[in-house]
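Structural overview for review
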Amino acid sequence: MTEITVARRSGAPASRGRTTVADVVVEKIAGMAARDVPGVHALGSGFARSMGTMRERMPGAGSGKSVTRGVSVEVGEKQAAIDLEIVVDYGVSITDVAGEVRESVISAVERMADREVVEVNITVSDVKLPDEEDEGEERQRIQ
C-alpha cells in the first residue's frame, strides 16, 4: 500500500506574504486628508511653503504642490504617529478645525494603510488673513 501525502496550503491567499507601507504613502494620505478639511488653508510653515514654491518653478522639479509638505510620520508595522503643520483661514475655530483634521487623517490612514493611528499632533503655524496674498502669488505690477 502506498501512502500519499498531500501538501495543503494553510490560510487565505490574502494572508500569504507581507505588505509593507512606506512612510511617504502615509504622509500623502495624511496630507490629502488634512487639506480636505474646511478651514485648512495650507500645510507647512511659511518657510516650507516658500521653498516649495521655488522648487515648483524649477524646470523638471515636478508639477503641483507637494502633498507631503508640513507632514511628518513615523510608521511601524501596525501603528503610525503623525505630525502636521497647518495654516488655517481667518475666522474659523482653530480647535474645531484641528479636531476635524484629526478625525479625517485618522479615518483615512486607518482605512487606506491599515495602520492604527496612535496620535496626530497639529501645530498651527499661521492664519491666512482675507487680504493676504498666497505664498507664490506674484503681485501684478501693471494694473
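Look up a bit, the structure's there.
Residues numbered from 1 in each chain as written. Predicted model: local features only at pLDDT ≥ 70, side-chain atom pairs only at ≥ 80, totals over all residues. Heavy atoms only, no water.

For the second largest pocket, the calculated volume is near 260 Å³. If you trace the second largest pocket, you find it lined by Arg18, Thr19, Thr20, Val21, Val75, Gly76, Glu77, Lys78, Ala113, Asp114 and Arg115. The residue makeup of the lining of the second largest pocket, split by class, is 3 nonpolar, 3 polar and 5 charged. (1 Å grid on protein atoms, 1.4 Å probe; cavity = no way out; pocket = protein on both sides within 12 Å on 5 of 7 lines; lining within 4 Å. Points joined across faces, edges and corners; volume = space filled by probe spheres on them. Nonpolar A, V, L, I, M, F, W, Y, C, P; charged D, E, K, R; others polar.)

With that out of the way, let us pick up the packing of helix H1 (residues 23–35) against helix H3 (residues 94–113). One can describe the packing of H1 onto H3 by two numbers: an axis separation of 8 Å at closest approach and a directional angle of 140°. As judged from the angle between their axes, H1 and H3 are oblique. When the axes of H1 and H3 are compared, the crossing they make is right-handed. Side by side, H1 and H3 meet where Val26, Ile29, Ala30, Ala33 and Ala34 of the first sit next to Val101, Ser104, Val105, Ala108, Val109, Met112 and Ala113 of the second. Split into classes, the residues belonging to the contact of H1 with H3 amount to 11 nonpolar, 1 polar and no charged. (Axes fitted to C-alpha atoms, helices over the stretch in contact; angles between N-to-C directions. Helix = DSSP H or I, 4+ residues; strand = E, 2+ residues; numbered from the N terminus. Parallel < 35°, antiparallel > 145°, perpendicular 65-115°, else oblique. Left-handed = near helix turned anticlockwise from the far one by under 90°. Contact = heavy atoms within 4.5 Å.)

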